[in-house]
Amino acid sequence: MKKNLVIASLFALMSASVSASDKPVEASSKSVEEIAAPCAACHGPTGVSPSGAFPIIAGQHVTYLEKALQDYRSGARKNAIMAGQVANLSDADISNLAAYYSRQEGPLYTPTGD
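The written sequence of each chain sets the order in which its residues are numbered from 1. Selection of residues for local features in this predicted model requires a pLDDT of at least 70, selection of side-chain atom pairs for listing and counting requires 80 or more, and totals for whole chains, interfaces and linings are taken over all residues. Side-chain metrics in this entry use all non-hydrogen atoms of the structure; hydrogen atoms and water are not considered.

Trainee: How would you sum up the overall build of the protein chain? Please name residues and give values.
Mentor: Think of it this way: any DSSP run of H or I at least four residues long counts as a helix, any run of E at least two long counts as a strand, and we number them from the N terminus. In terms of helices and strands, the protein chain carries 6 helices and 0 strands. Listing the helices and strands of the protein chain from first to last along the sequence gives α-α-α-α-α-α. Each of the 114 residues in the protein chain was classed as buried or not, and the buried ones make up 30%. For this analysis, residues touch if any pair of their heavy atoms sits within 4.5 Å. Contacts spanning at least 24 positions in sequence make up 65% of the contacts within the protein chain whose residues lie at least 6 apart. Note on areas: Shrake-Rupley, 1.4 Å probe, and residue coverage restricted to the protein chains presented here. Roughly 7500 Å² of accessible area belongs to the protein chain as shown, and the carbon and sulfur atoms make up 61% of that amount. To sort residues, take the accessible area from a 1.4 Å probe on protein chains only and compare it with the maximum for the residue type: under 20% means buried, over 50% means exposed, and anything in between is partly exposed.

Okay, structure coming up:
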């Protein structure tokens, strides 16, 4: 019974974070700026890469960014640099990063009216 309650609670939390993935998750111990600092080396401080060698992530859709980061972390998406960058990120860190970069202005940015 207790196990079912825990599973149901986890499922509810995961569902809530997916349905509200355009808003930052508050469960991280670091600010999103701290989490994003290593990203700036390749993707630029606001997600607009200074080089054509790295993708622009500013304004990218939040669910795409979240899924990509999760896939790099799990190994489903292969890139040695990204795998190392996301290896120690929590689910909350990933959600916060995805929300942060999706709101940054860039060539992919489309205001949502929030």
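Trainee: Let's hear about the pattern of salt bridges: which residues, and what values?
Mentor: Should a side-chain nitrogen of Lys or Arg be within 4 Å of a carboxyl oxygen of Asp or Glu, the pair is scored as a salt bridge. Using the criterion set out here, one finds 2 salt bridges in the structure. As a salt-bridge pair, K67 and D71 come within 2.9 Å of each other at their nearest N and O atoms. Here K67 and its partner D71 are both found in helix 4 (residues 62-74), 4 residues apart, which amounts to about one turn of the helix. For D91, the salt bridge goes to R73, with nearest N and O atoms at 2.5 Å. Of this pair, D91 sits in helix 6 (residues 91-102) while R73 sits in helix 4, and the two are 18 residues apart along the sequence. Exposure remark for D91: the relative accessible area of 49% places this residue in the partly exposed category.

Trainee: Describe the packing of helix 4 against helix 6, naming the residues involved and giving the relevant values.
Mentor: Axis lines are fitted to C-alpha atoms, over the contacting stretch for helices. Their N-to-C directions set the angle, which ranges from 0 to 180 degrees. Packing of helix 4 against helix 6 brings their axes to within 8 Å, and their N-to-C directions diverge by 140°. By the criterion of interaxial angle, the relationship of helix 4 to helix 6 is oblique. When the axes of helix 4 and helix 6 are compared, the crossing they make is right-handed. Taking contact as the criterion, the partners of V62, L65, E66, L69, Q70 and R73 in helix 4 are, on helix 6, D91, I94, S95, L97, A98, A99, Y101 and S102. Under the scheme applied, nonpolar residues are Ala, Val, Leu, Ile, Met, Phe, Trp, Tyr, Cys and Pro; charged residues are Asp, Glu, Lys and Arg; polar residues are all the others, including Gly. Its residues placed into classes, the contact of helix 4 with helix 6 shows 8 nonpolar, 3 polar and 3 charged. For classification, angles of less than 35 degrees are called roughly parallel, those exceeding 145 degrees roughly antiparallel, those between 65 and 115 degrees roughly perpendicular, and all remaining angles oblique. The handedness criterion is simple: a crossing whose near helix is rotated anticlockwise from the far helix by less than a right angle is left-handed, and one whose near helix is rotated clockwise is right-handed.

Trainee: Let's hear about the packing of aromatic side chains: which residues, and what values?
Mentor: We call Phe, Tyr and Trp rings a pair once their centres come within 6.5 Å, taking the six-membered ring for Trp, and we label the pair stacked below 30 degrees between planes, edge-to-face above 60, and tilted otherwise. On inspection of all chains with the given rule, the structure shows 1 aromatic pair. Between Y100 and Y101, the aromatic rings sit 5.0 Å apart at their centres with planes inclined by 75°, giving edge-to-face as the arrangement. Note on accessibility: Y100 and Y101 belong to one class, buried.

Trainee: Any chance you could break down the nonpolar core for me, citing the residues and the numbers?
Mentor: As a rule of thumb, soluble globular proteins bury nonpolar side chains together. Within the largest apolar cluster, 18 residues are counted, with the highest numbers of intra-cluster contacts made by L69, V86, L89, L97 and Y101. Mapped by element, the contributors of at least two residues to this core are helix 2 (32-36), helix 4, helix 5 (80-86) and helix 6. Residues in contact with L89, not counting those within four places in the same chain, are I35, R73, I94 and L97. Buried Ala, Val, Leu, Ile, Met, Phe, Trp, Tyr and Cys residues form a nonpolar core when they are joined through side-chain atoms within 4.5 Å.

Read these as layout, nothing more, since geometry by itself doesn't imply function.
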